[in-house]
Structures are given as C-alpha cells and as structure tokens.
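Coordinate analysis (summary)
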Amino acid sequence: MTSSDMSKYEKKIIVRNIEYRDIDDIIALSMRSFPNMEPWTKQHLISHLEIFPEGQFCVELDGEIVGSCSSLMINFDEYDDQHTWDEITDEGYITNHDPEGYNLYGIEVAVHPDYRRMKIGRRLYEARKELARERNLKSIIIGGRIPNYRRYSEEMAPRQYVEEVTNHNIFDPVLTFQIMNGFTLKRINRNYLSDDTASMKYATLMEWNNVDYRPTTKRHFKTAFPVRICAIQYMMKKIDSFDEFAQQCEYYANVGASYQSDFVVFPEIFTTQLLSFIDEKSPSRAIRRLTDFTDDYISLFTDLAIKYNVNIIGGSHFVEEEGDIYNIAYLFRRDGTIERQYKIHITPNEKKFWGIQGGDRVEVFDTDCGRIAIQICYDMEFPELGRIATEKGANIIFTPFCTDDRQGYLRVRYCAQARAIENQVYTMIAGTVGNMTHVENMDIQYAQSGIFTPSDFAFPRDGIVGECNPNIETVVVGDVDLELLRRSRKSGNVTQWRDRRPDLYEVQYDC
C-alpha cells in the first residue's frame, strides 16, 4: 500500500517579527484592511523596526503576509486618560517608545479581508501576550475601534453601544473580538483616531493583565537621566609623527574620563593634523595619503574608548572606499563596538580641493546613554536631517565641525541651536582652532564649541549648557538630562515636536 503525498494539502502559516523586506507588503495590507483610513507610510514602518522591532508582528500564509500588528512599550500612567492615537504613538512613529516601560500598547492590528475568520487576529494577539510575558510587562493596553457604532449612533450613546456589545446583544467585529481575547474595558476615549469615521472617532480603551507579572525592585521612577558630554576644542598645530598625534588624543580622552564623561567628542577632520609631517603639496593627493592612516586611527580610538571607559565620537576622518574619498565620523563605544556616519552634504570647498563624495544614510545609534545621531558640520545646516534623526529616536545630535572663519562657525552654531529647539533634542558642536601653516587648504581655524538645549524654562538660561571661550585650546563639560527632555516634549511651555502638522507637511526619507 503506497502512502499518499500529503504535502500538496499542507498550508504553511508562520507568525514572526516584521522585517524591512516586508514594508511594501505591510503597506498594501494596511490599504486593503482599512480602505477608508490612512495607511502606514514607509517612514512609519522604518521607524517601528529601528526603535522596537520585537514589538512588530506579521502572519505569513504560504509566503503571503495576511496579518500584521504594531506596538510599543510605555508607562501608561504618564499619559492623559483621554489621550489620542497620535499622542500615544507620536503620530505613528513610536519615538516615545520606552524600553523600561511597564505596559505594551497595541496601536494597530490588520487582517486581510480574504483571510478573516481564520484566527489570524488571535495569532497576533497571542504573539503580543507572549512578548508581554517575556518582557515581564504588567499589561497590554489597546485603543480599540468600534466600527459598527456608526449604524447605532443616532439611537444610543457610545457607552450604551459598548454595554450592548459587552452583553452580546450587538456584534462589533473589533470590540467583540477583544472581549473574547481576555481584554476588559477601562474607559471610552473620544476623538481618538481622526480618520476613523466608522467608529465616530470613539475608541474603547481595553486592557489585558499579565497574571505572570512579577513586581521587581529594579525599576524606579526616573527623576533624572543625566548624560555628561565633554567637547574637545582641539588645537591644530604641527606634529612630527602619528605617535605625537596619538599622545594628544589620549590626553583628551583621559581628561574626559577624569570628569566622568559619558561622551568625549573630537572635531571634524582633525586628523588632517597628520598632514603636517606628510610632504605633499597637492591637496587632493595629500588627502589620499591621509587615508593610509585609517587603520591606525580606528585602532587608536577603539583602544582609548575601552581604556578610559568612555564613548568617543572620534571627530571625522577621510576614508578611501573603492577609489572614492568620504568624510566619515566614527562612534567608538566603551564596550569596544564601532559605528560610523558618512557626511551627507559636501561643501563646495571639499569638492573643489579634495574631491570628497557624500554619503546617503542618516544613522541613529544605540548607546548606553540612549539613542544618538552624528551630523558632520555642513550636515547640521540642513534641517531635514535633524528631523529624520529625531524621528528615528535620537535624543542628542553630535556635530563635529571645522570652520575657518567666524561666519562659517556661526552658521554651524545657529543651526545647531535651531535643531535643538525645533526637534526638542540636545545638540552639541566641537570644533578645531589654531593654524596649520604647513598644510595646503587647512590654513586657519575658528571655533567656539558648545552644548545646547531646547530653549524652555526647564533648561539652562539661553538654552546653553556650556560653551568654550572662542579660539583657544580647551574643553567644555556639561550634563544633559534625558528625562527632563522627555518631560519637556510632553508638557513643556511649547511642544514643537508634538505639534508638528504632518497633515500639511512631512519629511520623506527613502533609505
């Protein structure tokens, strides 16, 4: 007797985390699932995956994505009882995600219309519940739609409608499903989702309590989250060897560490100091010879970050890749790992004398002091980059710079302060001073390095944490408070980040 081939009857269904390759499919699913509502954008989903990839799930049936859900972690007690979807999700970008939060907040579940009644939604809810157990979260909270309410809105108030659904006298595809999955009603929120006309903009705030939750003493209410920054105002002067350069760099790493700094920041292209002992008059050929020191430079700062237990923004350095020269800033973490940010906007001078090429990605890096971004000199003068970095979760934007006159310096400084205000983040600038009389196209330097804040009552006067005296070799050390920043975004005298108008304008980022 021959056995039958059962494989032709099998259907492969998988619940997994969403990946970048799924983005177009998730957008298409969103449009099919909610045809009268605004779908996810690519920028939304990229933000979800960069900030909290573990909280984004999809269901795949025979290779097709037929369901998805998105979520973030929060401390729910910190939000207003009558919050809106935009407030709880930061306009859908989840940059308010709190890795130390107590609650998982579900912000969308989408199921393809052709695959409903196949328990797709239940599988997604179970994935969320398992995540809550793994993270030891108190509960899952959702703002649930009530899409059938529109049919009853003229004869009953939302509260009455919810009671009828709860008593199983009326069927609502969302609320009934949530009740069947163990969620209980907390309250009803009005004006929750502006384009949810079927629910008349109402939502039921529902909660599932994790019975396995174990209270822990490791979590405390944060009164402050201080981060100490040391900006190096570096003197460009003649040296005779790489060892002499390394000695100067180690001196400043030691200075930053002695002040218990979390970050030590060097200026843009300060490694051009090495050109003072390279006998090459042509600027373009000199820069290519400078790239020969890349391995020594990376090795030096990796060792310094570990030795002095400090995160180092290693200024920037010219690097050759496949024949092209790039201006690259490196983050050397104190745990020995390394990241890099390419300068995106290249100045006319860099193009003319050195032939520098521009990068094409805005990076945001996780550190033991929160998420940060690096924007090299000229990049700070383009507001779109600050907006993109903040949307990706950056709380501090570091700007190594190199300018030869006061006007150039002021462009960097004023733009850094503007980025701090308009995005409600901290910014800082670290520049070079001194003269390089032996190096072509590196003649004079002008800088006044500083650390800046959003300008509001909670922060230091004039929005300045600290600044160096101009044009001398020195450092500035200052503390920025990430908890204060978070509170300011929620309830500051002004709330620029929250009050943006994405219905009128938004920054499109395609990388």
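Residues numbered from 1 in each chain as written. Predicted model: local features only at pLDDT ≥ 70, side-chain atom pairs only at ≥ 80, totals over all residues. Heavy atoms only, no water.

Considering the pattern of salt bridges
What counts is decided by this rule: Every case where a carboxyl oxygen of Asp or Glu lies within 4 Å of a side-chain nitrogen of Lys or Arg is listed as a salt bridge. For every residue, the accessible area (1.4 Å probe, protein chains only) is compared with the maximum for its type, and the residue is labelled buried under 20%, exposed over 50%, or partly exposed between those bounds.
Summed over the entire model, instances satisfying the criterion amount to 35 salt bridges. For K238, the salt bridge is made with D240, and the minimal N-O distance between the two is 3.1 Å. Overall, D240 belongs to the exposed group, its relative accessible area being 57%. Bridged by salt links that share partners, the residues R16, E19, R21, D22 and E60 form one connected network.

Remarks on the sheet that holds strand 4 (residues 103-111)
The cut-off we apply is this: Criterion used throughout: strands pair if DSSP finds at least two bridges between them. Helix numbering and strand numbering both begin at the N terminus, where a helix is a DSSP run of H or I of at least 4 residues and a strand a DSSP run of E of at least 2. The angle between two axes is taken between their N-to-C directions and runs from 0 to 180 degrees, where each axis is a line fitted to C-alpha atoms and a helix contributes only its stretch in contact. We call two residues contacting when some pair of their heavy atoms lies within 4.5 Å.
Strands sit in the order 1-2-3-4-5-7-6 across an open sheet of seven strands; the sheet is mixed. Of all strands in the sheet, those with a lone pairing partner are strand 1 (13-17) and strand 6 (184-189), marking the two edges. Sheet twist, expressed as the mean angle between neighbouring strand axes with direction ignored, is 25°. Helix 1 (residues 23-33) contacts strand 2 (57-61), strand 3 (64-74) and strand 4 of the sheet and is inclined by roughly 95° relative to strand 3.

Notes on a negative patch on the surface
Note the following rule: Patches here: salt-bridge-free residues with over 30% relative accessible area, like charges joined within 9 Å, nonpolar side chains (Val, Leu, Ile, Met, Phe, Trp, Tyr) joined within 5 Å. Calculation of accessible area relied on Shrake-Rupley with a 1.4 Å probe; when residues are assessed, cover is drawn exclusively from the protein chains displayed. Counted as positive: Lys and Arg. Counted as negative: Asp and Glu, with His and the chain ends omitted from the count. In plain terms, the charge of a residue is placed at NZ if it is Lys, CZ if Arg, CG if Asp and CD if Glu.
A surface patch of negative charge is lined by D24, D25, D62 and E64. D24 sits in the exposed class, given a relative accessible area of 57%.

With respect to the packing of aromatic side chains
Basically, it comes down to this: For Phe, Tyr and Trp, where Trp contributes only its six-membered ring, two rings pair if their centres lie within 6.5 Å, and the inter-plane angle classes them as stacked under 30 degrees, edge-to-face over 60, or tilted in between. Our definition puts a charge over a ring when NZ of Lys or CZ of Arg is within 6 Å of the ring centre and also within 35 degrees of the ring normal.
Applying the stated criterion across every chain, the model contains 30 aromatic pairs. Summarising the aromatic geometry, the rings of Y234 and Y252 are spaced 6.0 Å apart at their centres and angled 55° between planes, so their arrangement reads as tilted. Placement of Y234 in strand 8 (residues 226-236) and of Y252 in helix 7 (residues 242-258) is noted, with a sequence separation of 18 residues between them. Owing to a relative accessible area of 0%, Y234 belongs among the buried residues under this scheme. With a relative accessible area of 6%, Y252 lands in the buried category. Arranged with centres 5.9 Å apart and planes meeting at 5°, the rings of F242 and F293 form a pair that is stacked. Taken together, the positions of F242 in helix 7 and F293 in the loop between helix 8 (283-290) and helix 9 (294-307) put the pair 51 residues apart, joining distant regions of the chain. Accessibility classification places F242 together with F293 in one group, the buried group. A cation over a ring is seen here: K490 above Y79, with NZ or CZ 4.6 Å from the ring centre.

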